[in-house]
Number of protein chains: 2
Amino acid sequence: MQIEDYIFGKNAVLETLRTKKRTINKILFQKGLHTDSKIEEIINLAKQNNILFQFAPKEKFSQFKEYSYQGVVAMCAPIKYKDLYEFIEHAPKNAKVIVLDGVEDPHNVGSIIRTAVCAGFDAVILPKRRSAVVNSTVAKSSAGAINHIDLIIVNSLSGAIEILKKNNYWVIATEAKAKDNYFEVDYTNSNIVIVMGSEKSGISKTILNQADYRVKIPMLMNFDSLNVANAAGIIIYETVKQNIQNQKNVV
Amino acid sequence: MQIEDYIFGKNAVLETLRTKKRTINKILFQKGLHTDSKIEEIINLAKQNNILFQFAPKEKFSQFKEYSYQGVVAMCAPIKYKDLYEFIEHAPKNAKVIVLDGVEDPHNVGSIIRTAVCAGFDAVILPKRRSAVVNSTVAKSSAGAINHIDLIIVNSLSGAIEILKKNNYWVIATEAKAKDNYFEVDYTNSNIVIVMGSEKSGISKTILNQADYRVKIPMLMNFDSLNVANAAGIIIYETVKQNIQNQKNVV
């Protein structure tokens, strides 16, 4: 069993039980744990769904000691990834996709997935290499959001972007030295792909060349740059804002 | 010496040397460390500024083992906080301030300070109690940004907000159940205070009642909520965007 097949912590386990996007095989509680409303809800949902659960002594959790598991660990069937073609076939009108090109910190990957879910995005695309795998840190940083969105892993990111472009998606790449600001692009009435690059080296050249737009987040101080998860959140919510305002104008 | 008087890691130390906002008394390098361009720049800047530096064996760093120090630790004079009245007196026209009401995770506090600096904000106000002190985790998560902005620590947050209001600041509080969206407020041509609440319990009632506006970030999925640092980034950059667009319209 891989570490990404465990879910750690009350919130993440509860979220997975509620959404049923991942199959939980068994839940382990640490013996002598203080019971609160979340633990009770986990137990109730486990009973309702015929999921095994067990109270185990602290020693049993020593293998998880590097994870913040708050006395609760769920063992899952492996994460199901979505196929890109299948996603495109069933995607809603004006689909919103985020592509992570080499974002390596699993906290950032999780945090971006969380924001993408809050913003009603439809998929997150990650390359097989160079990025954080969707491990338990990603799952936990996403606060369970990985169960609410299609996760697509591809061998070639630029291949995936080519396919998306052929299927009528507009590709917006973020780049520190872009001319246009992120809020000068129209994100309404179309399928949108937002590409975020790695904190160190940005988006790869091939993908920058494929992009329909390159945008920057303006820096008002002569200072380093934003954390990639914050940068993603700022652009993701610009699309939300434009779409809400656009709907109001239509109505 | 308090732990907040150390700076850990290449980037944070380099940033502090460049900006000179904090006085570094001494820099320790771990012996046998692989030298890269950042280490070289740190050494050059230390020499230029007559700052002591020393190569020490790994054992000497064992006291810092819970911090990600990348072989470099700087010892500083304590962080200098700004007085609120002094800040107000010298603040620029249309000053932008962020208030953190009980944000406890030091990574989030650091991340918010980093975004605030990128967005050209003028100050971050934290309460003495309930919030993360500006410790080395905050400093590191801010990527050195704590040296670029006025940090104000107050005994009473609501007292500070009252003072700001009397001095012509508009107070915008974020609340999940607010009626208005964050982008429906005008952030231009005025002094602005953005208040972010704790992840668990939001903004305290007293402060919500003091606010001139309450705004929410719309959630497009029935899902938990945003990470507070991402939420702050989204609102902070809405103010940036409005001010850039406003300046273009004026010109």
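Residues numbered from 1 in each chain as written. Chains lettered and ligands numbered in written order. Predicted model: local features only at pLDDT ≥ 70, side-chain atom pairs only at ≥ 80, totals over all residues. Heavy atoms only, no water.

A few words on the domain arrangement of chain A. Residues and elements named next belong to chain A. Domain parsing of chain A yields domain 1 (3-76) and domain 2 (84-250). Relative to domain 2, the C-alpha centre of domain 1 lies at a distance of 31 Å. Contacts between the two partners involve 13 residues from domain 1 and, on the opposite side, 11 residues from domain 2. Between domain 1 and domain 2 lies a buried interface of about 950 Å² when both sides are counted; carbon and sulfur atoms form 57% of it. At the junction of domain 1 with domain 2, the criterion picks out zero salt bridges. On inspection of domain 1 and its partner domain 2, the count reaches one residue pair in polar contact (both at pLDDT 80 or more). Contributing elements (two or more residues each) for the side of domain 1 that touches domain 2: β1 (6-8) and α1 (10-19). Examining the composition of the side of domain 1 that touches domain 2, we find that three residues originate from one element, α1, more than from any other. (Domains from an automatic or database assignment. Contact = heavy atoms within 4.5 Å. Buried area = accessible area lost by both parts, 1.4 Å probe. Salt bridge = Lys/Arg side-chain N within 4 Å of Asp/Glu carboxyl O. Polar contact = N/O pair within 3.5 Å; in protein donor to acceptor, adjacent residues only side chain to side chain. Helix = DSSP H or I, 4+ residues; strand = E, 2+ residues; numbered from the N terminus.)

Here the focus is helix α4 (residues 106-118) of chain A. All names here are of chain A. With 13 residues, α4 should cover 18 Å at 1.5 Å per step; its first-to-last C-alpha distance of 18 Å lies within 8% of that length. A large share of α4 lies buried, amounting to 11 of its 13 residues. Taken together, the buried positions of α4 are occupied by Asn108, Val109, Gly110, Ser111, Ile112, Ile113, Arg114, Thr115, Ala116, Val117 and Cys118. For α4, the capping residue at the N-terminal end is Asp105, with a side-chain oxygen 2.6 Å from the backbone nitrogen of His107. Gly120 lies just past α4 and shows a positive phi near 70°. (Expected span 1.5 Å × (residues − 1). Buried < 20%, exposed > 50% of the residue type's maximum accessible area, 1.4 Å probe, protein only.)

With an RMSD of 0.1 Å, the fit of chain B onto chain A corresponds to turning through 180° and sliding 0.0 Å along the axis. Seen this way, the second copy is the image of the first under a two-fold rotation axis. Looking at the interface residues of chain B, 100% of them are also at the interface in chain A, so both copies use one shared face. (Least-squares fit on C-alpha atoms with pLDDT ≥ 70 in both.)

This part takes up the interface of chain B and chain A. In this complex, chain B contributes 38 residues to the contact, which on the side of chain A involves 38 residues. Both faces considered, chain B and chain A share a buried interface measuring about 3100 Å² in area, 61% of it formed by carbon and sulfur atoms. Taken as a group, Cys118, Phe223 and Tyr237 of chain B account for 21% of the area that chain B buries against chain A, more than any other trio of residues on that side. For the pair chain B and chain A, the number of links is four salt bridges. Notably, a salt bridge pairs Lys248 of chain A with Glu184 of chain B, separated by 2.7 Å at the nearest N-O pair. The element best represented in the side of chain B that touches chain A is helix α8 (residues 228-250) of chain B, accounting for 11 residues.

Let us now look at the packing of aromatic side chains. All names here are of chain A. Under the definition given, this model contains 22 aromatic pairs over all chains. With a centroid separation of 6.1 Å and an interplanar angle of 85°, the aromatic rings of Phe29 and Phe53 are classed as edge-to-face. Taken as a pair, Phe29 in strand β2 (residues 24-30) and Phe53 in strand β3 (residues 52-56) lie far apart in primary sequence, 24 residues in all. Since its relative accessible area comes to 30%, Phe53 is described here as partly exposed. Here the aromatic cluster, defined as three or more aromatic residues joined through ring pairs, consists of Tyr6, Phe8, Phe61, Phe64, Tyr67 and Tyr69. (Phe/Tyr/Trp six-rings, centres within 6.5 Å; stacked < 30°, edge-to-face > 60°.)

All right, on to empty space enclosed by the protein then. A probe matching the size of a water molecule, rolled over the atoms, marks out where space remains unfilled. Applying the stated criterion across every chain, the model contains three cavities of 30 Å³ or more. Quantified by volume, the largest cavity comes out at close to 50 Å³. If you go around the largest cavity, the residues you meet are Tyr182, Ile234, Tyr237 and Glu238 of chain A together with Tyr182, Ile234, Tyr237 and Glu238 of chain B. Taken together, the residues of the lining of the largest cavity sort by class into six nonpolar, no polar and two charged. (1 Å grid on protein atoms, 1.4 Å probe; cavity = no way out; pocket = protein on both sides within 12 Å on 5 of 7 lines; lining within 4 Å. Points joined across faces, edges and corners; volume = space filled by probe spheres on them. Nonpolar A, V, L, I, M, F, W, Y, C, P; charged D, E, K, R; others polar.)

Bringing the sheet that holds strand β3 (residues 52-56) of chain B into the picture now. Residue and element names in this part refer to chain B. Strands sit in the order β1-β4-β2-β3 across an open sheet of four strands; the sheet is mixed. The open sheet has two edge strands with one neighbour each: β1 (6-8) and β3. Geometrically, the sheet is characterised by an average inter-axis angle of 20° between neighbouring strands, direction not taken into account. Against the sheet, helix α1 (residues 10-19) makes contact with β1, β2 (24-30) and β4 (72-76), and its axis sits at roughly 150° relative to β2, the strand it touches most. (Pairing = 2+ DSSP bridges. Axes fitted to C-alpha atoms, helices over the stretch in contact; angles between N-to-C directions.)

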